[in-house]
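Chain by chain, the residues:
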Amino acid sequence: MGFHTFDPSRADRLEDVSRYRFCSREELLGALDAGSGTDDHLIDLGSGTGFYTADLAPFFGRVSAVDIQAEMHELFRENGVPDNVDLVESSTDSLPLGDGAADAAVSTMTAHEIPLASTLTDLRRVLAPDSPVVVVDWSADGRGEAGPPRDERHDADFVADAFTEAGFSVEVATERGETFSIRARS
Ligand SMILES: C[S@@+](CC[C@H](N)C(=O)[O-])C[C@H]1O[C@@H](n2cnc3c(N)ncnc32)[C@H](O)[C@@H]1O
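Residues numbered from 1 in each chain as written. Predicted model: local features only at pLDDT ≥ 70, side-chain atom pairs only at ≥ 80, totals over all residues. Heavy atoms only, no water.

## Section: the overall build of the protein chain
Right, on to step 1. Per the secondary structure count, the protein chain includes five helices and seven strands.
Right, on to step 2. Mapped in sequence order, the helices and strands of the protein chain form the string α-β-α-β-α-β-β-α-β-α-β-β.
Right, on to step 3. Its C-alpha atoms give the protein chain a radius of gyration of 15 Å, within 12% of the compact-globule value 16 Å for 186 residues.
Right, on to step 4. With the C-alpha coordinates of the protein chain rotated into their principal frame, the extents come out at 40 × 35 × 30 Å.
Right, on to step 5. Within the span of the protein chain, comprising 186 residues, buried residues form 52% of the whole. (Helix = DSSP H or I, 4+ residues; strand = E, 2+ residues; numbered from the N terminus. Rg over C-alpha atoms; globule rule 2.2 N^0.38 Å. Buried < 20%, exposed > 50% of the residue type's maximum accessible area, 1.4 Å probe, protein only.)

## Observations regarding unusual backbone geometry
The general pattern is negative phi for most residues beyond glycine and trans for most peptide bonds.
Right, on to step 1. A positive phi angle is found at M109, which is not glycine, with a value near 55°.
Right, on to step 2. Structurally, M109 can be placed in the loop between strand 4 (104-108) and helix 4 (116-126).
Right, on to step 3. Of note in the backbone geometry, D130 takes a positive phi value of approximately 70° without being a glycine.
Right, on to step 4. Considering the arrangement of structural elements, one finds D130 in the loop between helix 4 and strand 5 (132-138).

## Re the nonpolar core
Right, on to step 1. Grouped together as the largest cluster of nonpolar side chains are 27 residues, with contacts concentrated most on I43, L120, L123, V133, F163, F168 and I182.
Right, on to step 2. For this core, the elements supplying multiple residues, two or more each, are strand 1 (41-45), helix 4, strand 5, helix 5 (156-165) and strand 7 (179-185).
Right, on to step 3. Among the elements that line this core, the one with the most residues is helix 5, at five residues.
Right, on to step 4. Those residues in contact with F163, other than ones at most four positions away along the chain, are L120, V133, V135, F168, V170, I182 and A184. (Core = buried A, V, L, I, M, F, W, Y, C linked by side-chain atoms within 4.5 Å. Contact = heavy atoms within 4.5 Å.)

## Things to note about the UniProt feature "domain: Methyltransferase type" (unreviewed entry) in the protein chain
Right, on to step 1. Sites flagged by UniProt as "domain: Methyltransferase type" (unreviewed entry) map to residues 44-133.
Right, on to step 2. For residues 44-133, the end-to-end C-alpha separation is 10 Å, with 30% helix and 22% strand making up the annotated structure. (UniProt positions renumbered as here; feature names shortened; annotations may be inferred.)

Structural data, given as structure tokens:
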């Protein structure tokens, strides 16, 4: 399993626009090959209040916003769920989606909370071949000036190895100031 699950009573922190300092809509769209828009089905693993999900939704045909906590989906509803977003209450490692049902996946600031190996195994099942996956999260190699304690985080190498172990091809694994970014293909 991962580390502690995000406390919904602190969810206002997820709506703070200063978060774009650590991860932007544009970097996610670029890494997901979304360009100016696509009809593809995107999965957001650990969607929370929908802060990034709602940013990305206009660039995809359909989005499955997966979160294990009903409280987080309720907060997303209060913020307004775009018409093409399905709220999926599930753990990331048992996705209620068919084999090859999706074309892309994203996960922001969540990799340290989820059971990573089993999540990536199930994600590979539900993605069509050659689908892009982008994971951005707080890094164990970061400065620790923002985000969860460093001893609760993974680093880029650890997550890249987990992708490889699950059968993905890792294209980019980058350490940044406080976060890491992984781009892989199914
Ligand atoms: C730190 S929040 C990030 C939310 C969102 N990705 C963002 O960047 O605003 C992590 C989210 O992952 C969800 N989560 C934790 N473990 C999960 C699991 N096993 N399956 C699905 N969601 C999970 C939590 O409920 C929480 O909403």
